[in-house]
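Structure assessment
Residues per chain, in single letters:
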Amino acid sequence: MSDVRLVLRSTRVITPEGARPASVEVADGRIAAVRAHDAGVPAGARLEDLGDDVLLPGLVDTHVHVNDPGRTEWEGFWTATRAAAAGGVTTLIDMPLNSIPPTTTVANLRVKQAVATPKAHVDVGFWGGALPDNVEDLRALHDAGVFGFKAFLSPSGVEEFPELDREQLGRSLAEIAGFGGLLVVHAEDPGRLAAAPQKGGRKYADFLASRPRDAEHAAVGELLDQARRLDARVHVLHLSSADALPLIAAARRDGVRVTVESCPHYLTLTAEEVPDGASEFKCCPPIREAANRDALWAGLADGTIDCVVSDHSPSTADLKTDDFATAWGGISSLQLGLPAIWTEARRRGHTLEDVVRWMSARPAELAGLDRKGAVEAGRDADFAVLAPDETFTVDAAALQHRNRVTAYAGRTLYGVVKSTWLRGERIAAADGWFREPSGRLLERKR
């Protein structure tokens, strides 16, 4: 008890057992205890009474493109992690591509770690990359602490990170399964994409037709077949097509070790509302129709979709041209994921407990981060303080990521992040205050 230096008190704390009034005691950067709301404050401890603001576990975003080094004009660890902190995200895992070098060897991993160390406002881990020619590097990367391996089944958009064909996927997956690793996959079938109409231009309908649902369905099917054959653990990234959900659910019932994520833009935006020429809405796979969005929410509700993560993939503003064929495909939402999802979730009758499960607990489980993702004794004292009934209108100029382009501009969202805490220290506040970088680099638990 004498080691407790901070108590956070709220009438609504989201714990694994549900929401309740509580006082959360913090000692040495970890949660020492979750006690009754009116529990006495230990001698020498400071009380932060949050009133009716909700205390959540800090969000865990396992899909972030930081692009640093090499494309730091697109993003960077300083700006990306500030955006994360502003949005209640206390842990992120960086994708291996869009930086130069990509995280495909241990030497390249060390470069990225060195760049991130002085800049990280939140905790940062790293995915490795699985390429056609680096199978023999995968085990060394695993031993160096990456959380798993990212692969594309269709062109990635950057030449230094080529996709895997069927044979290469099998070879990489066999290697990864051999040491008990995880492969996370951008699943679109290149043949189906090549066969789709490729008109280009300003019309969003033409872009949508160029990335058909059956491209996702076919690629997910191939991935599940390989995972079944090799008894491998796989994760489907940024699922946009609900057509693949029955296939995934059936494979899971058959014992295939597969998990699935979707993203705020697929769950809150619809194809019908995307203006022609508005490439701030472009991503791959694409934002689809409202009926598809409804089906994705059903997949979340029944547990087929495990996680909701950002796929924050920014670029410089000049790459967001009004031609959907040539514009960079990526949506920047690291700072806005929590309010975007909460706004839609509350409309559909979901609770903050659901949101915490999708955006904190399950991403932490995916990555094996057993000290993240929950408000309970023994976990890191990482928190987001949320005013769930307050609203704000998204102003791109107020965002913290480097290039302030967003598909959410002008939208009114529920849920104001009042403050964010990392290991018991406040790192960001709603008034624009940020602590100097104090994030740590994380490695996979061995």
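Right, let's walk through the structure included here. The structure presented is a predicted model; accordingly, all values stated were derived computationally and were not measured.

1. Quick word on the sheet that holds strand β12 (residues 233-236)
- In space, the six strands of this open sheet follow the order β9-β10-β11-β12-β13-β14, with parallel pairing throughout. Looking along the sheet, the strands with just one partner apiece sit at the ends: β9 (128-129) and β14 (307-308).
- One ladder, built from four bridges, connects strand β11 (residues 182-186) with β12; its direction is parallel. The partner of Val 184 across the bridge, within β12, is His 235.

2. Regarding the packing of helix α4 (residues 166-178) against helix α7 (residues 213-230)
- Put simply, α4 and α7 touch, their axes get as near as 10 Å, and they point 40 degrees apart. Classified by the angle their axes make, α4 and α7 are oblique. Here α4 runs over α7; the crossing is right-handed. Residue-level contacts link Arg 166, Leu 169, Gly 170, Leu 173, Ala 174 and Ala 177 of α4 to Glu 222, Leu 223, Gln 226, Ala 227, Arg 229 and Leu 230 of α7.
- In the contact of α4 with α7, the residues fall into seven nonpolar, two polar and three charged.

3. Some remarks on the side chain of His 238
- Of note, His 238 is situated in the loop between β12 and α8 (245-253).
- Residue class for His 238 comes out buried when judged on its relative accessible area of 2%.
- Filtering out sequence-adjacent residues up to four positions away, His 238 remains in contact with His 63, His 186, Glu 216, Glu 261, Ser 262, Cys 263, Tyr 266, Cys 284, Pro 285 and Asp 311.

Conventions used here
Here, residues in each chain are numbered from 1, in the same order as that chain's written sequence. Per-residue local features are limited, in this predicted model, to residues with pLDDT of at least 70; the limit for side-chain atom pairs, both in listing and counting, is 80 or more; totals at the level of whole chains, interfaces and linings are taken over all residues. Think of the side-chain values as coming from all heavy atoms in the structure, minus any hydrogens and water. Think of it this way: DSSP has to see at least two bridges between two strands before they count as a pair. Helix numbering and strand numbering both begin at the N terminus, where a helix is a DSSP run of H or I of at least 4 residues and a strand a DSSP run of E of at least 2. The axes are straight lines fitted to the C-alpha atoms, using for helices just the contacting stretch, and the angles between their N-to-C directions are given from 0 to 180°. Oblique is the label for any angle not under 35 degrees, not over 145, and not in the 65 to 115 range, which are roughly parallel, roughly antiparallel and roughly perpendicular in turn. Each helix crossing is assigned a hand: it is left-handed if the near helix lies turned anticlockwise from the far helix by less than a right angle, otherwise right-handed if that turn is clockwise. Residue contacts are defined here by distance: any two heavy atoms, one from each residue, within 4.5 Å place the two residues in contact. Polar here means any residue other than Ala, Val, Leu, Ile, Met, Phe, Trp, Tyr, Cys and Pro, which are nonpolar, and Asp, Glu, Lys and Arg, which are charged; Gly is therefore polar. Only protein chains enter the accessibility calculation, which uses a 1.4 Å probe. A residue is then buried if its area is under 20% of the maximum for its type, exposed if over 50%, and partly exposed in between.

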